[in-house]
Amino acid sequence: MNREDWFTVEPIDHDTWVISEYGHPEETHSYVLRGRDRALLIDTGLGVLDIAEPVSRLTDLPTTAVTTHVHWDHIGSLGSFPSFCAPEAELDWLRGRFPLPEQRIRAMLLEGLDAPNGFDIDRYRVFQGEPSRLLNDDDWIDLGCRAVQALHTPGHSPGHLCFWEPERGYLFTGDLVYLGTLRADFPSTDPLAYLASLRRVAGLPVKRVLPAHHGLEVRPELLSEVRDALVDLAGCGLLRHGSGRFEYGEWAVQL
């Protein structure tokens, strides 16, 4: 793949964009939100190429990066942003205590990768560093005439955050909800917490769901549909690790 084709940039509205990496099966999405005084980058992608370059073409405002959670496919370019925020509950992972070894992460990255010209897997590193700000539930990020709220939505990971912009009805869901297989089967996941998080976000007046992976046309109704499916699984005693994979058409859950 040509390097210039790695990132796909599409507008959400006049000052919001999605930057997608379709050259890997994760099909990771990151989002740029422009306010009056600052810009915000929600997630920094795989780190195959530096996402700071397409961000700089969208805005010349100082940009703060934030990660929904500290998984390798969301923190790839965090080091390119001197100002970045992360969930406090996953600070240890940023300090080098991530539960997967770097060799395993490199293998996951290579699986299905349509690598851009010049990419060298031996130079790939999982980011480690200290955030300029730690985020907890109900913290706000003010961009100037635009603000987003951090919602602690654990389940996929202990510190997972969704970002809620009530003025526009945008919910940036990270890995909580997307079209595809939702993962609640890792040792660091918590299926019951996943359900509690879905109960919370399904009650919001969401106008648009903006996921971290795969298809971008996610119906807001999917939030309550996933919640209801997990309620049913819990009622059958199946909302637990090891119970298997359950398919529901455009999405599935692995427990």
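The rules we used
Residues numbered from 1 in each chain as written. Predicted model: local features only at pLDDT ≥ 70, side-chain atom pairs only at ≥ 80, totals over all residues. Heavy atoms only, no water. Helix = DSSP H or I, 4+ residues; strand = E, 2+ residues; numbered from the N terminus. Rg over C-alpha atoms; globule rule 2.2 N^0.38 Å. Buried < 20%, exposed > 50% of the residue type's maximum accessible area, 1.4 Å probe, protein only. Contact = heavy atoms within 4.5 Å. Areas by Shrake-Rupley, 256 points an atom, 1.4 Å probe, with all protein chains shown as cover. Lys, Arg positive; Asp, Glu negative; His and termini not counted. Charge placed at Lys NZ, Arg CZ, Asp CG, Glu CD. UniProt positions renumbered as here; feature names shortened; annotations may be inferred. Salt bridge = Lys/Arg side-chain N within 4 Å of Asp/Glu carboxyl O. Phe/Tyr/Trp six-rings, centres within 6.5 Å; stacked < 30°, edge-to-face > 60°.

Here we look at the overall build of the chain
Right, on to step 1. A count of helices and strands for the chain gives 5 helices and 15 strands.
Right, on to step 2. Over its C-alpha trace the chain gives a radius of gyration of 17 Å, about what one expects of a compact globule, namely 18 Å for 255 residues.
Right, on to step 3. Based on the C-alpha atoms only, the size of the chain along its principal axes is roughly 50 × 45 × 30 Å.
Right, on to step 4. Here the chain holds 255 residues, and 54% of them are scored as buried.
Right, on to step 5. Within the chain, counting contacts between residues at least 6 apart in sequence, those at least 24 apart form 59% of the total.
Right, on to step 6. Per element, the accessible surface of the chain, about 10900 Å² overall, is 48% carbon and sulfur.
Right, on to step 7. Counting 23 positive and 39 negative side-chain charges, the chain places the averaged centre of each group 2 Å from the other.

Points about the UniProt feature "domain: Metallo-beta-lactamase" (unreviewed entry) in the chain
Right, on to step 1. The residues that UniProt annotates with the feature "domain: Metallo-beta-lactamase" (unreviewed entry) are residues 27-213.
Right, on to step 2. Helix makes up 19% of residues 27-213 and strand 26%, and the two end C-alpha atoms of the span are 5 Å apart.

Looking at the pattern of salt bridges
Right, on to step 1. Applying the stated criterion across every chain, the model contains 17 salt bridges.
Right, on to step 2. Between Arg36 and Asp37 there is a salt bridge, and its shortest N-O distance comes to 2.7 Å.
Right, on to step 3. Given the relative accessible area of 54%, Arg36 is considered exposed.
Right, on to step 4. A relative accessible area of 36% places Asp37 in the partly exposed class.
Right, on to step 5. The salt bridge partner of Arg227 is Asp228, with a shortest N-O separation of 2.9 Å.

A few points about the packing of aromatic side chains
Right, on to step 1. A complete count under the given rule lists 5 aromatic pairs for this structure.
Right, on to step 2. Both rings, one in Tyr31 and one in Phe172, keep their centres 5.2 Å apart while their planes meet at 65°; by these two values the pair is edge-to-face. In this pair, Tyr31 is assigned in strand S3 (residues 28-34) and Phe172 in strand S11 (residues 170-174), connecting sequence segments 141 residues apart. Side by side, Tyr31 and Phe172 carry an identical accessibility label, which is buried.
Right, on to step 3. Aromatic side chains Tyr170 and Phe172 sit 6.2 Å apart centroid to centroid with 85° between the ring planes, which places their arrangement in the edge-to-face category.
Right, on to step 4. What makes Tyr170 buried here is its relative accessible area of 10%.

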